[in-house]
Amino acid sequence: MTDTEKKLQDKAKELLEQGKVEHIIGYAAGSLKFTTTPLITKDKDDARQLVINPFIVNNLSVFLNDIKGKIGIVAKPCDARSIVSLLQDQQVARENLVILGLPCQGLIDLRKVERLTGKDRDDIDDITRNGDKVTVTTGGKTQKFAAKEVIFDDCLSCETPTPPEYDFLFGEPSSATDKELGRKNIKELEAMSPQQRWDFWKQEFSRCIRCYACRQVCPACFCTRCFIEETEPQWLSPLPRWQDNLLFQTTRMLHVAGRCTDCGECERVCPVNIPLRSISKKVEEIVDELFQYKAGMDKNAERFMTAYEPSEAEDLMR
Amino acid sequence: MSQESKWEPKLLGFLCKWCSYAGADLAGTSRKKYPANIRIVKIPCSGRIDPLFVAKALRMGFDGVLVSGCHPGDCHYQTGNYRARRRIAITKRLMEYMGIEPERLQASWVSASEGDKWAQVVTEVTKGVKEVGPNRLFDDDGHRKEAAGQS
Amino acid sequence: MKKIKKSDLNKLLSQWQQKYSVFAPSNHGVVKMTAWDGKDTTFLDWYRNTVVPPKNNFLPGMEKMFDIKKDAGYKLEVTADDTKQLIFGVRPCDARALALIDVNFKDGYEDTYYLNRRKNGLLVGLGCTSPCASCFCTSLNIHPAESQDVDVMFNDIGEELLIAEVTDKGKELLAASSGLSDATAADEAKAKEAKEATFKKVTRKINTGEIKERLMPSFENEEYWKNVAAKCVSCGICTFLCPTCYCFDINDEQSKGEAARFRNWDCCSFAVYTKMPMENPREEKWRRVRQKVNHKYNFFPMIYEQIACTGCGRCIRQCPVNWDITQVLSTLPEKAKA
């Protein structure tokens with residue numbers, strides 16, 4: 001246990017003991033190597049299960065809608081941005097939250113580690129991070145990688161190493177970002193012809209199985225009934241055809257425009273590896289470029305979808 | 001090829017009932033001539049527009065979508081048209097990124113008194129979409145490539 | 001018993017391809033059974049198991065059930081898929097899973113769509129050599145490297161693959177195949193040793209006896225189920241990727257002059273599950289989670305005397321929140337009174 005973990009556990013315990021919160025949402029060790037799992041508890045003794053490590057991947061703000069009462073929530077910067085966005089949308093009330101902020105230096109993407117080492121995660125013995133270096137041990141052999149090579153793309157693009165909103169902060173901010181590297185996939189797509197891009201997406205979405213994990217883990221997707229499940233009218237088919245899969249996802253991405261904080265969860269959880277962040281990040285860029293808006297930075301800011309400037313974007317209007 | 005040259009685009013228009021819909025009516029009663037390629041859906045405000053409508057229209061095989069609402073400052077509900085404009089702007093840009101011709105989504109401000117403008121907008125949009133070609137985005141069998149070669 | 005050099009496997013699959021649609025593991029974005037490309041057998045080096053289970057080949061994610069066309073006088077044309085599929089590389093857990101799905105689709109009403117594909121299909125098993133950390137097949141009486149649920153079984157013995165016929169269909173397949181040599185007693189000994197080694201590599205365990213005693217008494221413990229369900233995000237990964245889950249939804253589509261009926265996978269974790277016929281009786285998440293666990297470990301065994309889980313571990317490894325069914329099953333709070 002690190003000092004920071006200890007401080008977090010003590011604070012979580014104290015909050016529960018003093019009745020300042022009814023629930024704590026944080027991360028506990030997972031049941032497989034290099035995984036963590038959301039810990040949602042009312043029990044002060046569970047606080048000692050809380051962990052902080054480079055594998056705390058989940059965006060826990062997705063659980064806020066589920067749980068009634070005062071909540072103490074552990075939040076990385078991108079999760080904190082999602083919380084801010086939920087505050088703007090009045091999905092949660094600030095006074096019901098105690099945000100236990102964690103500065104973040106980027107999380108380790110197991111798929112990247114697997115690709116670089118050629119080993120399955122089960123066969124890797126250890127992955128440790130030390131500043132800018134990540135050491136992977138497999139069968140007694142160690143390999144060193146630059147952190148930039150193995151952290152998630154969305155972490156490479158991260159602009160907020162410290163949460164924009166918190167009550168308590170645990171740890172020191174540091175970051176190993178590389179914006180160009182973080183949008184490598186997008187750059188490749190931009191260099192293609194429209195026909196090539198369409199063919200690319202057609203192929204990617206032909207794998208989709210419609211498990212809706214992308215939607216379920218998305219804190220910005222808080223509708224009680226999703227358009228894709230509407231039957232009267234049936235907007236798009238619930239059958240997993242590439243055409244409808246593609247339109248479902250692009251529509252979903254547009255629906256969360258200005259609320260998506262590039263936490264990258266949709267891409268991480270996709271069981272068939274569709275590069276969804278190549279869409280969500282692009283939408284984020286479009287929103288920023290056209291309307292100079294970044295999601296989840298300021299809880300008092302007007303929401304992207306309701307804000308306007310009378311003279312903006314007039315060039316596209318006839 | 002002969003089939004292709006006879007092709008006429010099918011357009012779907014989403015028109016605000018307070019302005020553009022009345023504008024289109026005026027174009028009709030004033031006997032303005034404009035292409036018969038457009039089918040109109042009346043919506044309560046251009047702010048009702050959802051990227052989903054565009055997705056659905058393209059999926060159904062429409063070659064283009066036109067959204068039309070009140071001029072800035074004239075929205076019956078104060079800000080609906082501004083919100084629509086943001087949505088349309090990002091939708092167009094994302095369409096382009098996905099590989100869909102952004103010209104298939106068009107937007108205009110047409111007031112209830114602008115029958116002339118309505119006729120002109122539909123004429124221009126029809127011409128524009130005709131240049132882009134038929135919507136074969138969702139064909140499974142690669143027809144789109146042939147079409148692209150022909151246009 | 002027969003054997004074949006690994007480097008000759010492509011020749012054998014090519015032979016089979018003359019008569020069957022051969023499917024083998026591939027990784028085009030995701031590991032699943034896809035139509036074999038006629039040459040590539042490198043999967044032998046990297047393949048552990050597919051992410052999308054082979055149930056997809058028999059109960060596909062979507063399938064057309066029938067057409068009605070105006071031009072054909074509104075006659076209903078039932079879709080018949082008579083493809084002769086040969087799936088190479090099926091793991092014992094997934095082969096058992098298909099046997100479990102068979103039970104459901106044969107009981108009472110015979111589902112011709114699924115059963116036809118099964119009847120026309122051949123399963124060629126491939127014993128595991130490196131089970132995943134999430135695997136717990138051995139707790140469910142499944143050997144990771146042996147199977148009676150396939151037609152032919154292959155086992156890795158180093159440079160070669162040992163081949164055993166399991167069913168009559170498998171026997172016929174092998175009798176009509178050339179290029180196989182006879183296995184020696186030494187080969188069989190090698191295989192036995194390898195199988196035992198693999199068996200020991202499955203370290204995740206559950207206690208099915210204990211579960212049986214505890215599951216029903218724990219059913220009404222709302223507090224418990226609410227707790228374990230808290231972190232579930234109600235996505236469809238665990239059920240869609242489950243080799244034994246068979247729920248489906250039905251959708252009709254119509255266009256000018258024609259209509260068709262389709263079915264696609266459905267998932268009891270979804271809030272809109274069974275919304276179409278009436279309402280979802282399990283509106284709250286904890287009821288859905290309870291249902292999923294109980295269906296596999298309680299209700300299905302009540303009717304068919306088998307647990308509807310084969311310990312393939314996909315639901316653990318692929319879960320976005322690491323919701324681990326083995327942990328849930330080992331913490332059931334209540335026990336039946338003696």
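Cut-offs used in this document
- Residues numbered from 1 in each chain as written.
- Chains lettered and ligands numbered in written order.
- Predicted model: local features only at pLDDT ≥ 70, side-chain atom pairs only at ≥ 80, totals over all residues.
- Heavy atoms only, no water.
- Contact = heavy atoms within 4.5 Å.
- Buried area = accessible area lost by both parts, 1.4 Å probe.
- Salt bridge = Lys/Arg side-chain N within 4 Å of Asp/Glu carboxyl O.
- Helix = DSSP H or I, 4+ residues; strand = E, 2+ residues; numbered from the N terminus.
- Buried < 20%, exposed > 50% of the residue type's maximum accessible area, 1.4 Å probe, protein only.
- pLDDT = per-residue confidence, 0-100.
- Pairing = 2+ DSSP bridges.
- Right-handed = clockwise from strand over helix to strand, strands pointing away.

J.: Explain the interface of chain A and chain C residue by residue, including any values.
T.: Counting residues at the interface gives 38 residues for chain A, matched by 39 residues for chain C. For the pair chain A and chain C, the summed buried surface comes to about 3000 Å²; carbon and sulfur atoms form 57% of the total. When the buried area of chain A at its contact with chain C is split by residue, Ser31, Leu32 and Leu239 of chain A rank highest and sum to 18% of it. The interface formed by chain A and chain C includes 8 salt bridges.

J.: Tell me about the pattern of salt bridges, residues and numbers included.
T.: Two side chains bearing opposite charge may form a pair once their charged atoms approach each other closely. Per the stated rule, a full pass over the model turns up 66 salt bridges over all chains. A salt bridge links Arg241 of chain A to Glu253 of chain C, with the nearest nitrogen and oxygen atoms 2.9 Å apart. With Arg241 of chain A in the loop between helix H9 (213–216) and helix H10 (242–255) and Glu253 of chain C in strand E11 (residues 248–255), this residue pair bridges two chains. Assessed through its relative accessible area of 23%, Glu253 of chain C is described here as partly exposed. Here Arg204 of chain C ties to Asp324 of chain C by a salt bridge, and the two come within 2.7 Å at their closest N and O atoms. Of this pair, Arg204 of chain C sits in the loop between helix H6 (185–201) and helix H7 (208–215) while Asp324 of chain C sits in the loop between helix H11 (314–317) and helix H12 (325–330); the two residues are 120 residues apart in sequence, bridging distant segments of the chain. Looking at Asp324 of chain C, the relative accessible area reads 1%, which means it is buried. Each of Glu114, Asp120, Arg121, Asp122 and Asp123 of chain A together with Arg48 and Arg317 of chain C takes part in one network of salt bridges that share partners.

J.: I'd like to hear about the interface of chain A and chain B, residue by residue, with values.
T.: Taken together, the contact pairs 49 residues of chain A with 39 residues of chain B. For the pair chain A and chain B, the interface holds 5 salt bridges. With a shortest N-O distance of 2.7 Å, Arg318 of chain A and Glu124 of chain B are connected by a salt bridge. Mapped onto the side of chain A that touches chain B, the elements with two or more residues apiece are helix H7 (184–190), helix H8 (194–205), H10 and helix H12 (277–291) of chain A.

J.: I'd like a description of the confidence of the model for chain B, backed by residues and values.
T.: Here chain B averages 91 in pLDDT, and 89% of its residues register 70 or above. Note that residues 143–151 of chain B has pLDDT below 50 and, in this model, 12 contacts with residues that lie over four places away or in other chains.

J.: Which residues make up the pairing of strand E3 (residues 71–75) of chain A, and what are the values?
T.: The side chains of a regular strand alternate, first on one face of the sheet and then on the other. Residues and elements named next belong to chain A. Counting buried residues along E3, 5 of its 5 residues qualify, which places the element largely inside the surrounding structure. One ladder, built from 3 bridges, connects strand E1 (residues 23–29) with E3; its direction is parallel. Across the sheet, Ile25 pairs through a bridge with Ile73, a residue of E3. Strand direction decides the pairing type here: E3 and strand E4 (residues 97–101), joined by 5 bridges, are parallel. Bridge pairing links Gly72 to Val98 in E4. As a crossover connection, the stretch from E3 through helix H2 (residues 77–88) into E4 is right-handed.

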